[in-house]
Amino acid sequence: MTEFQTRGVSAGAGSGPAARRAGIGLVFLGPPGAGKGTLAKTLQARAGLRHISPGDILRQAVRDHTEYGRRALTFMRTGDLVPDEIVDAMMQAALAQAEDGSGWVLDGYPRTTAQADLLDGFLASRLGTLSAVVHFEIGEDILLRRLTGRRLCPICGAIYHVDYRPPRSAGRCDLDGAELVARRDDAPDTALHRFRVFHAQTAPLIDHYRCRGLLLTVNAEQSTEDLYDVIWEAVRPPRATPLP
Ligand code: ADP
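Residues numbered from 1 in each chain as written. Predicted model: local features only at pLDDT ≥ 70, side-chain atom pairs only at ≥ 80, totals over all residues.

Visitor: Can you walk me through the overall build of the protein in this structure?
Guide: Along the backbone of the protein there are ten helices and seven strands. Counting over 244 residues, the protein shows a buried share of 36%. Look at the contacts in the protein between residues 6 or more apart in sequence, and 74% of them connect residues 24 or more apart. (Helix = DSSP H or I, 4+ residues; strand = E, 2+ residues; numbered from the N terminus. Buried ≥ 20, exposed ≤ 12 C-beta atoms within 10 Å, placed from the backbone. Contact = placed C-beta atoms within 7 Å.)

Visitor: Please explain the site of the ligand as it appears in this structure.
Guide: In the vicinity of the ligand, 20 residues are found, and the nearest of them are Pro32, Pro54, Gly55, Leu81 and Gly108. Sort the elements by how many residues they give to the shell around the ligand and helix H3 (residues 54-63) lands first, with three residues. (Near = placed C-beta within 6 Å.)

Visitor: So what exactly am I meant to see when it comes to the nonpolar core here?
Guide: The nonpolar side chains of soluble globular proteins are, as a tendency, buried together. Counting 43 residues, the largest nonpolar core has Leu26, Phe28, Val105, Leu106, Val133 and Val134 as the members making the most contacts within it. Excluding residues within four positions of it along the chain, Val105 makes contact with Leu26, Phe28, Ala40, Leu43, Leu49, His51 and Ile52. Counting six residues, the second-largest nonpolar core is a separate cluster that includes Leu152, Cys153, Ala158 and Tyr160. (Core = buried A, V, L, I, M, F, W, Y, C linked by C-beta atoms within 7 Å.)

Visitor: Explain the sheet that holds strand E4 (residues 132-137) to me, please; I cannot follow it from the model alone.
Guide: One open sheet holds the five strands; their spatial order is E2-E3-E1-E4-E7, and the pairing between them is parallel. The sheet is open, and its two edges are formed by strand E2 (50-52) and strand E7 (215-219), each paired on a single side. In this sheet, adjacent strand axes meet at a mean angle of 25° when their direction is disregarded. Note that E4 and E7 share five bridges and pair parallel. If you follow Val134 over to E7, its bridge partner there is Leu216. The strands touched by helix H9 (residues 204-211) within the sheet are strand E1 (25-29), E4 and E7, with E7 carrying the most contacts at an inclination of about 125°. Those strands touched by helix H10 (residues 224-235) are E1, E4 and E7, and its axis lies near 160° from that of E7. (Pairing = 2+ DSSP bridges. Axes fitted to C-alpha atoms, helices over the stretch in contact; angles between N-to-C directions.)

As structure tokens, this is what we get:
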């Protein structure tokens, strides 16, 4: 965690829920299955940060049979990145909603240096400061086990794992009782391809953000609870110092 120098969090933030999250902007960077989505959803529920996931947005577009969804599906099926032209248009719309001053977590964006450049433009013109880029570090053997056992709720998007995070009732979402599904791109061959895509196209961003003093590397093999504490402790606004 020594690489992480810049907080970029407004020092004047108070202690209420809105103030606690104000000004926090995070990017989650890591291979598929590292737990980015689970952590982002936890930060949304507990700290009020807005969770923005291009993967979720794209899957919704596929379910809605939009033109973008139809074009994106070809790439998502094979585990390749969806072309920037589609992702950029969707992210422009999603990021515009994050301009309301509440904090945000980008889970899976940027994934290429071109996307990082676009994000920089967006930050400068509208979104404000990037507090940190959280780099999820994890061994590949664990990743494959996590992906093949991962299950999702098709209704609310809650994430489970058959062994590590099982629902209370087998195969059913705790929140709405819907039947859980496996993501098609979590099948072993496609998952392996996604790792390769991560190493080839996204991993260069680790150095890109390290050089800017924004990288917060965390051990993603620990529990969601521990990971949450580590990340929140690093990025939360400083507590007000009591008057003497
Ligand atoms: P994971 O992080 O586990 O790979 P996501 O749900 O974030 O899963 O992404 C699923 C798929 O959506 C990716 O394999 C890719 O096809 C597409 N996708 C998500 N984010 C991006 C992005 N920033 N740029 C291009 N394609 C993306």
